[in-house]
Amino acid sequence: MKIICIGRNYAAHAAELKNEVPKEPVVFLKPETALLPKNHPFFYPDHTNDLHFEVELVVRISRLGKHIDEKFAPKYYKEIGIGIDFTARDVQQACKEKGLPWEKAKGFDHSAPVGKKFIPIESFRDPKSIQFSLQKNGETVQRGDSSLMLFNIDQIIAYVSQFYTLKIGDLIFTGTPAGVGPVVKGDVLDAYIGDQKLLHVAIK
Ligand code: MG
């Protein structure tokens, strides 16, 4: 499986990192080894001194497809979950300055913990407006609403499937809202869709 990630998909987050609002989706990949195995602790990686959390809604692909038309995109996913796109911000900044790829900053081991449970689309009152949030040490640090995505899920699927065949089980991280920030050892992150806590990560 693969993990496809969308960057800068909320205007307020693009602004907080002083990035332009993109005209087309910003896409990068994480390898399968970026998943955090069940019950495996999350260890602060050695190659960064500025590890940031980015809470994101995650789409799980349920059907094989390529060149998917936006109007058919809803046939390719049935569930939405939540994940954290851990980012070595210092490493990313150095890559950006040199015009280099971000993979060292974004795709390292365990950089993509995903919630234990995915929620069926039909159980959302309004699947175009899904509220999600992240707490750090019990305090809410990020709040998102999928209606504020610059590119919605169907547009993302149409866009990325031009380049990558989507396979069953692939995950798409759909971008983070404003409020990203650093973590240190000892911090605890809890991610929610609505009021359901779906992901707990303790930084060791
Ligand atoms: Mg992100």
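Look up a bit, the structure's there.
All of the points below concern the structure found in this document. Bear in mind the structure is a predicted one, so any value in this text is a computation, not a measurement. (Residues numbered from 1 in each chain as written. Predicted model: local features only at pLDDT ≥ 70, side-chain atom pairs only at ≥ 80, totals over all residues. Heavy atoms only, no water.)

**Quick notes on the overall build of the chain**
Logical step 1: Regarding its fold elements, the chain presents four helices and 13 strands.
Logical step 2: By principal-axis analysis of the C-alpha atoms, the chain measures approximately 45 × 40 × 30 Å.
Logical step 3: Per-residue burial for the chain yields a buried fraction of 52% across its 204 residues.
Logical step 4: Taking contacts inside the chain between residues at least 6 apart in sequence as the whole, the part at least 24 apart equals 76%.
Logical step 5: Of the accessible surface of the chain, which amounts to about 9,900 Å², a share of 52% is contributed by carbon and sulfur atoms. (Helix = DSSP H or I, 4+ residues; strand = E, 2+ residues; numbered from the N terminus. Buried < 20%, exposed > 50% of the residue type's maximum accessible area, 1.4 Å probe, protein only. Contact = heavy atoms within 4.5 Å. Areas by Shrake-Rupley, 256 points an atom, 1.4 Å probe, with all protein chains shown as cover.)

**Digging into the pairing of strand E12 (residues 188–193)**
Logical step 1: For E12, the buried fraction is high: five of the six residues fall into the buried class.
Logical step 2: Across five bridges, the pairing between strand E8 (residues 131–136) and E12 is antiparallel. Within E12, the residue paired with lysine 136 across the bridge is leucine 189.
Logical step 3: Pairing between E12 and strand E13 (residues 196–202): six bridges, direction antiparallel. Following the sheet pairing, aspartate 190 is matched in E13 by histidine 200.
Logical step 4: Connecting the antiparallel pair E12 and E13 is a turn made up of two residues, with glycine 194 showing a positive phi of about 60°. (Pairing = 2+ DSSP bridges.)

**Digging into the sheet that holds strand E11 (residues 181–182)**
Logical step 1: What the three strands build is an open sheet, ordered E6-E3-E11; its pairing is antiparallel. Of all the strands in the sheet, the pair left with one neighbour each is strand E6 (87–88) and E11.

**Points about the pattern of salt bridges**
Logical step 1: Within the structure shown, the criterion is met by nine salt bridges.
Logical step 2: Linking lysine 30 and aspartate 85 is a salt bridge whose minimum nitrogen-to-oxygen distance equals 2.7 Å. One end of the pair, lysine 30, is in strand E2 (residues 26–30); the other, aspartate 85, is in the loop between strand E5 (77–84) and E6, with 55 residues separating them in the sequence.
Logical step 3: Notably, a salt bridge pairs lysine 128 with aspartate 154, separated by 3.5 Å at the nearest N-O pair. A residue pair is termed long-range when its members are at least 10 positions apart, and lysine 128 in the loop between strand E7 (119–120) and E8 and aspartate 154 in helix H4 (residues 153–160) qualify at 26 residues.
Logical step 4: For aspartate 154, a relative accessible area of 8% gives the class buried. (Salt bridge = Lys/Arg side-chain N within 4 Å of Asp/Glu carboxyl O.)

**Details of the packing of aromatic side chains**
Two aromatic rings are characterised by how far apart their centres lie and by the angle between their planes.
Logical step 1: One pass over the full model with this rule turns up five aromatic pairs.
Logical step 2: Consider the rings of phenylalanine 163 and tyrosine 164, whose centres lie 6.2 Å apart with planes at 70°: the pair is edge-to-face.
Logical step 3: Site record: aromatic cluster; members linked through ring pairs are Tyr159, Phe163 and Tyr164.
Logical step 4: In this structure, arginine 60 packs its charged tip against the face of phenylalanine 118, placed 4.1 Å from the ring centre.
Logical step 5: Directly above the ring of tyrosine 76 sits arginine 63, whose terminal nitrogen or CZ lies 4.9 Å from the centroid. (Phe/Tyr/Trp six-rings, centres within 6.5 Å; stacked < 30°, edge-to-face > 60°. Lys NZ or Arg CZ within 6 Å of the ring centre and 35° of its normal.)

Bear in mind that shape data such as this cannot, by itself, settle questions of function.
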